[in-house]
Amino acid sequence: MPLSPVHTLRPALWLAAALLAPAAMAQTTATAAVAATAAASTAGPSVQDISLIAGTCANCHGPDGRSTGGIPSLRGVHERHLLQRLQAFKAGTATDATVMTRLMKGYDDAQIQALAQWFSKEAN
């Protein structure tokens with residue numbers, strides 16, 4: 001007795017679903033990862049990223065942004081002032097700049113904003 005189309009179709013559907021499930025899960029996971037990355041990039045740099053970037057400023061501006069020499073300290077300076085200075089360095093409009101004009105070109109606007117916020121706060 002021949003099998004009805006329902007009996008032969010049902011196993012084929014289960015097999016197709018079983019074979020496609022890993023691909024569907026991978027696509028869902030990849031979509032979630034892209035969404036998480038997009039959310040993180042719109043939120044700005046993380047605290048770890050900023051502390052790493054700010055650490056490079058210590059070469060000239062001293063540990064934690066407190067200079068011990070002729071280079072200005074950054075720690076505790078008003079955020080708006082720091083932001084304006086950093087943006088002027090990046091734009092090349094700061095007439096009193098030395099190396100800062102070249103350094104700031106390597107940072108995007110979110111990183112510059114984060115640096116101004118970071119150094120404007122008093123350290124513990």
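To be clear, the structure that these remarks concern was listed above.
Residues numbered from 1 in each chain as written. Predicted model: local features only at pLDDT ≥ 70, side-chain atom pairs only at ≥ 80, totals over all residues. Heavy atoms only, no water.

Peer 1: How should I be thinking about the overall build of the protein in this particular structure?
Peer 2: Scanning the protein from terminus to terminus reveals five helices and zero strands. Traced from its N-terminal end to its C-terminal end, the protein shows the element sequence α-α-α-α-α. Burial analysis of the protein (124 residues in total) assigns 21% to the buried set. For the protein, the share of sequence-separated contacts (at least 6 apart) that also reach a separation of at least 24 residues comes to 59%. Of the roughly 8900 Å² of accessible surface on the protein, 65% is carried by carbon and sulfur atoms. (Helix = DSSP H or I, 4+ residues; strand = E, 2+ residues; numbered from the N terminus. Buried < 20%, exposed > 50% of the residue type's maximum accessible area, 1.4 Å probe, protein only. Contact = heavy atoms within 4.5 Å. Areas by Shrake-Rupley, 256 points an atom, 1.4 Å probe, with all protein chains shown as cover.)

Peer 1: Teacher, can you tell me more about the packing of helix α3 (residues 79–91) against helix α5 (residues 109–120) here?
Peer 2: If you want to describe how two helices pack, look at the angle between their axes and the distance between the axes. It is at 8 Å that the axes of α3 and α5 come closest, and there the two elements cross at 145 degrees. At the point where α3 passes α5, the crossing takes the right-handed sense. Contacts between α3 and α5 involve Glu79, Leu82, Leu83, Leu86, Gln87 and Lys90 on the former and, on the latter, Asp109, Ile112, Gln113, Leu115, Ala116, Gln117, Phe119 and Ser120. Its residues assigned to classes, the contact of α3 with α5 shows seven nonpolar, four polar and three charged. (Axes fitted to C-alpha atoms, helices over the stretch in contact; angles between N-to-C directions. Left-handed = near helix turned anticlockwise from the far one by under 90°. Nonpolar A, V, L, I, M, F, W, Y, C, P; charged D, E, K, R; others polar.)

Peer 1: What should I look at first to understand the environment of Ser46 in this one?
Peer 2: Structurally, the position occupied by Ser46 is in the loop between α1 (5–43) and α2 (47–61). Distance in space between the C-alpha atoms of Ser46 and Gln111 is 9.7 Å, their sequence separation being 65 residues.

Peer 1: Explain the pattern of salt bridges here, please?
Peer 2: Opposite charge on two side chains permits them to pair, given that their charged atoms come into close proximity. The final tally for this structure, using the stated rule, is three salt bridges. Between Arg75 and Asp64 there is a salt bridge, with the nearest N and O atoms lying 2.6 Å from each other. Of the two residues, Arg75 is situated in the loop between α2 and α3 and Asp64 in the loop between α2 and α3; the sequence distance between them amounts to 11 residues. Judged by relative accessible area, Arg75 falls into the buried class, the value being 11%. The exposure class assigned to Asp64 is partly exposed, which follows from its relative accessible area of 34%. One salt bridge connects Asp96 with Arg85, and the closest N-O pair in it is separated by 3.1 Å. Here Arg85 lies in helix α3 and Asp96 lies in the loop between α3 and α4 (100–104), a separation of 11 residues in the sequence. Here the salt bridges do not stand alone but share partners, grouping Asp64, Arg66 and Arg75 into one network. (Salt bridge = Lys/Arg side-chain N within 4 Å of Asp/Glu carboxyl O.)

Peer 1: Explain α3 to me, please; I cannot follow it from the model alone.
Peer 2: Along an α-helix, residues three or four apart share an orientation, since each turn contains 3.6 residues. With 13 residues, α3 should reach 18 Å at 1.5 Å per residue; the first-to-last C-alpha distance of 18 Å fits that figure. Residues of α3 that are buried: Leu82, Leu83, Leu86, Ala88 and Phe89. Of the surrounding secondary structure, the elements contacted by the buried residues of α3 are α4 and α5. (Expected span 1.5 Å × (residues − 1).)

Peer 1: So what exactly am I meant to see when it comes to the layout of surface pockets here?
Peer 2: Leftover empty space is mapped by rolling, across the atoms, a probe with the size of a water molecule. A volume near 570 Å³ is recorded for the largest pocket. Lining of the largest pocket is provided by 26 residues; of these, His61, Ile71, Leu74, Phe89 and Met100 occupy positions nearest its centre. Going through the elements one at a time, α2, α3, α4 and α5 are the ones with two or more residues in the lining of the largest pocket. A breakdown of the residues in the lining of the largest pocket according to their chemical character gives 18 nonpolar, six polar and two charged. (1 Å grid on protein atoms, 1.4 Å probe; cavity = no way out; pocket = protein on both sides within 12 Å on 5 of 7 lines; lining within 4 Å. Points joined across faces, edges and corners; volume = space filled by probe spheres on them.)

Peer 1: Just to check I follow, could you spell out the nonpolar core for this structure?
Peer 2: Generally speaking, nonpolar side chains in soluble globular proteins are found buried as a group. Leu86, Phe89, Met104, Tyr107, Ile112, Leu115 and Phe119 are the most contacted members of the largest nonpolar core, which has 19 residues in total. Contributing elements (two or more residues each) for this core: α2, α3, α4 and α5. Discounting residues that sit within four places of it in the chain, Ile112 has contacts with Leu83, Leu86, Gln87, Lys90, Met104 and Tyr107. (Core = buried A, V, L, I, M, F, W, Y, C linked by side-chain atoms within 4.5 Å.)

Distances and angles like these do not, on their own, reveal function.
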